[in-house]
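Listed here are the chains, written in short residue letters.
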Amino acid sequence: MPTMIEKIRELPLFMGISPESIQLILEKLPLHFHNAEAGETVIRKGEQIEVLSFVISGSLKVEGEIERGRITVCQWVGEGCMLFPDFLFGYERRAPMSVVAAEKCGLLCVSKQLLVELISADRYCLVNLLNDLSYKAQARLQFGEDAADNEPLARLLRHILVNLTYRRARRIEIVAKDYDLQAILGIGPGELAESLERLRREKKIEYYGDVISINCRKEYF
């Protein structure tokens, strides 16, 4: 079983840092560990983000809505996920989604002040944070458009995956009524059914009832 230092070294912020340096960080800086019980709300939508949290064990369900609540996006994230680093600083610092423990899980929580101390003292932490923050912007250019996605539904799913989900997401579910999708996309029931079936044949999605399920975000692209 990995030690706590080994687990911390696998987190995005601490990659490349030696075990000795991690030990010094643990001794000198007041890192906070939190055990969340299944069903516990970890972050509420609209809550001000003042702490950078990492999943070190278990899994979380991250859920949000778009299109005035007509589409719900759910995703499950596990070990190594860094929650809302792009909302810790800047003009908009409220959580765009809610986060609930899907099972008993462990979190490492780093306050904003402590994060500033870390990135000021250790260049690996600084570079790791900048790399993570730049990923989403670069992903929009790399994955934002695809010539094959000439159907409205495929473009919507790509937009959701690129802009609203974590690259470490284990499973993603997009929940919406057929009539809402038709209205949002400006298509009829026949075109929607054809698009769903094509994406399923390509093994990009599964769908049942009001749920479109994507089991592997990486493989979708």
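Residues numbered from 1 in each chain as written. Predicted model: local features only at pLDDT ≥ 70, side-chain atom pairs only at ≥ 80, totals over all residues. Heavy atoms only, no water.

1. Describing unusual backbone geometry
- Of note, Arg68 is a non-glycine position whose phi angle comes to about 55°, a positive value.
- Of note in the backbone geometry, Lys203 takes a positive phi value of approximately 60° without being a glycine.
- Its location among the elements puts Lys203 in the loop between α7 (189-201) and β10 (206-208).
- Exposure remark for Lys203: the relative accessible area of 76% places this residue in the exposed category. (Helix = DSSP H or I, 4+ residues; strand = E, 2+ residues; numbered from the N terminus. Buried < 20%, exposed > 50% of the residue type's maximum accessible area, 1.4 Å probe, protein only.)

2. Regarding the sheet that holds strand β6 (residues 82-83)
- Here four strands make up an open sheet; going across it, the order is β1-β8-β3-β6 and the pairing antiparallel. Bordering the open sheet on either side are β1 (32-36) and β6, each of which pairs with just one other strand.
- One ladder, built from six bridges, connects strand β3 (residues 51-57) with strand β8 (residues 105-111); its direction is antiparallel. Residue pairing for β8: Ser57 is matched across the bridge by Gly106. (Pairing = 2+ DSSP bridges.)

3. Quick look at helix α6 (residues 178-185)
- Buried within α6 are the following residues: Asp180, Leu181, Gln182 and Leu185.
- Contact partners of the buried residues in α6: β5 (71-77), α5 (152-164), α7 and β11 (211-214).
- In the stretch just after α6, Gly186 is the one whose phi turns positive, near 70°. (Contact = heavy atoms within 4.5 Å.)

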